[in-house]
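Listed below are the residues making up each chain.
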Amino acid sequence: MATARDIMSGGAQCVNENETLEAAARKMKELDVGSLPICGGDNRLKGMLTDRDIVIKCLAAGGDPRTATAGEFAEGKPVTISADDSVEDAIRTMQDHQVRRLPVLDGHNLVGVLSQADIARNYPEDRVGELVAFISF
């Protein structure tokens, strides 16, 4: 049975909770990703930041991405999965929490991010539609 570690995108880079949203947006562009884990000074996961958060919660609300920090957008405890959890557990977690990306932890260390696309690439073709239906809003 495949685990999150087997199919995740490894080497996840964080945006520090004290970095500005402008810096986070640049990092997203550089990495060609739509979200970044938010990590604290203690190197612990504080949340997830999406490009949509920057646009809707900051820009559209009249905020300034040059002064707003990533930590201001870390809402509650992030939904995560353990690196050794099964892909089926990851799918259930995504479905239960209606998220498309899960930070993958090994103990307290962030080791990667598992996305809906990672699962779809490694899931039997006849079940990909089912996967999308389970996770889509």
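Here's a quick rundown of the structure. (Residues numbered from 1 in each chain as written. Predicted model: local features only at pLDDT ≥ 70, side-chain atom pairs only at ≥ 80, totals over all residues. Heavy atoms only, no water.)

**Regarding the pairing of strand E7 (residues 109-115)**
Working step 1: Pairing between strand E1 (residues 9-10) and E7: two bridges, direction antiparallel. In the sheet register, glycine 10 faces E7, and the bridge partner there is glycine 112.
Working step 2: In this structure, strand E6 (residues 101-106) lies alongside E7, joined through six bridges in antiparallel fashion. For arginine 101, the partnering residue across the bridge sits in E7 and is serine 115.
Working step 3: What sits between the antiparallel neighbours E6 and E7 is a turn of two residues, in which glycine 107 has the positive phi angle 70 degrees. (Pairing = 2+ DSSP bridges. Helix = DSSP H or I, 4+ residues; strand = E, 2+ residues; numbered from the N terminus.)

**Digging into helix H2 (residues 21-31)**
Working step 1: When we look at burial in H2, the residues that qualify are Leu21, Ala24, Lys27 and Met28. One face of H2 carries all of its buried residues, which in axial projection span an arc of 115 degrees. In H2, the exposed positions that point more than 90 degrees away from the buried face belong to Arg26, Lys29 and Glu30.
Working step 2: Contact partners of the buried residues in H2: strand E2 (15-16), strand E3 (35-39), strand E4 (45-50) and helix H3 (51-59).
Working step 3: Positive backbone phi, approximately 55 degrees, marks aspartate 32, located one or two places after H2. (Buried < 20%, exposed > 50% of the residue type's maximum accessible area, 1.4 Å probe, protein only. Arc of directions from axis to C-beta. Contact = heavy atoms within 4.5 Å.)

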